[in-house]
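# Analysis of the macromolecular model
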Amino acid sequence: MLTWKEVISFSVNGNPIPDRRVEKTEKEWRAQLTPEQFRITRLKGTERPHSGALCSIHEAGKYNCVCCNTPLFDSTIKFESGTGWPSFTQPITENAIKYEKDTAFGMVRVEVMCNTCDAHLGHVFPDGPEPSGLRYCINSESMQLETEVSNEQ
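If you look the protein up in an unreviewed UniProt entry, it shows as peptide-methionine (R)-S-oxide reductase from Hyunsoonleella flava. Taken from UniProt, the Sequence similarities (unreviewed entry) comment for the protein reads in full: "Belongs to the MsrB Met sulfoxide reductase family." The record in UniProt for the protein states the following under Cofactor (unreviewed entry): "Zn(2+)".

Printed below as a string of structure tokens:
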């Protein structure tokens, strides 16, 4: 389980190695993504609070990167933070997320990105629930929910 201390260490000393890398040109990303997905994931934008389609969804499944389909978060660690963005306590694997210090807008935060394709996802904060105390605050537009299919008929 990742802790805030480890998140800060990654943002300062380097990130875990991803399982694979996906790199595309700006033209290729624009052709693949909607204009809003491109603005958020490739230009480090943010959606308005409470506007994202994934905020109030609580179906079982995996939240994958909208750009490269890498699994990022599991529905079992999603929680209602009241912030207006989907929130999670941990990434699906330690090397799924890339961390960078973000000093934009006169604040110091830790930006989180897909470690496979560098898509901007959102930010992580140390004010989440126990046991990790982490709150990954993620834009809905940067993820797609892959729901679990039941074998029961």
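Picking up after the structure, the text goes on.
### Focus: the packing of aromatic side chains
For the coordinates displayed, the defined rule picks out five aromatic pairs. Measuring from centroid to centroid gives 5.8 Å for Phe10 and Tyr99, while their planes differ by 15°, and the two rings are stacked. Within this pair, whereas Phe10 is found in helix H1 (residues 4-13), its partner Tyr99 is found in strand E5 (residues 97-102), the two being separated by 89 residues in sequence. For the pair Phe10 and Tyr99, a shared accessibility class is recorded, and that class is buried. For the ring pair Tyr63 and Phe88, a centre distance of 5.0 Å and an interplane angle of 65° mean the geometry is edge-to-face.

### Quick notes on the UniProt feature "domain: MsrB" (unreviewed entry) in the protein
Feature annotation in UniProt places "domain: MsrB" (unreviewed entry) on residues 26-148, given in this structure's numbering. Structurally, residues 26-148 comprises 11% helix and 33% strand, and the distance from its first C-alpha atom to its last is 32 Å.

### Looking at the sheet that holds strand E1 (residues 61-65)
Taken together, the three strands give an open sheet; going across it, the order is E2-E1-E9, and neighbouring strands pair in antiparallel fashion. Looking at strand neighbours, the two that pair on one side only are strand E2 (71-74) and strand E9 (143-147), the edges of this open sheet. Each strand axis lies, on average, 30° off the axis of its neighbour in the sheet, ignoring direction. As judged from the five bridges shared by E1 and E9, these two strands associate in the antiparallel manner. In the strand pairing of E9, Asn64 is matched with Gln144.

### Focus: the side chain of Asn95
Checked against the element boundaries, Asn95 lands in the loop between strand E4 (87-88) and E5. By relative accessible area, Asn95 is classed as buried at 16%. Here Ile17 takes part through its backbone oxygen, which lies 2.9 Å from a polar atom of the side chain of Asn95. One polar contact links Asn95 to Thr93, side chain to side chain, over a distance of 3.0 Å. Those residues in contact with Asn95 that lie beyond four places of it in its chain are Pro16, Ile17, Pro18, Asp19 and Asn115.

### Looking at the pairing of strand E7 (residues 120-125)
Here E7 lies mainly inside the structure; five of its six residues are buried. Two strands pair when backbone bridges link them, and strand E6 (residues 109-114) and E7 are joined in this way by four bridges, in the antiparallel orientation. Looking at the pairing, Val110 lines up with Val124 of E7. Relative to strand E8 (residues 135-138), E7 runs antiparallel, the two sharing four bridges. The residue of E8 that forms the bridge with Val124 is Tyr136.

What counts and what doesn't
- Residues numbered from 1 in each chain as written.
- Predicted model: local features only at pLDDT ≥ 70, side-chain atom pairs only at ≥ 80, totals over all residues.
- Heavy atoms only, no water.
- UniProt positions renumbered as here; feature names shortened; annotations may be inferred.
- Phe/Tyr/Trp six-rings, centres within 6.5 Å; stacked < 30°, edge-to-face > 60°.
- Helix = DSSP H or I, 4+ residues; strand = E, 2+ residues; numbered from the N terminus.
- Buried < 20%, exposed > 50% of the residue type's maximum accessible area, 1.4 Å probe, protein only.
- Pairing = 2+ DSSP bridges.
- Axes fitted to C-alpha atoms, helices over the stretch in contact; angles between N-to-C directions.
- Polar contact = N/O pair within 3.5 Å; in protein donor to acceptor, adjacent residues only side chain to side chain.
- Contact = heavy atoms within 4.5 Å.

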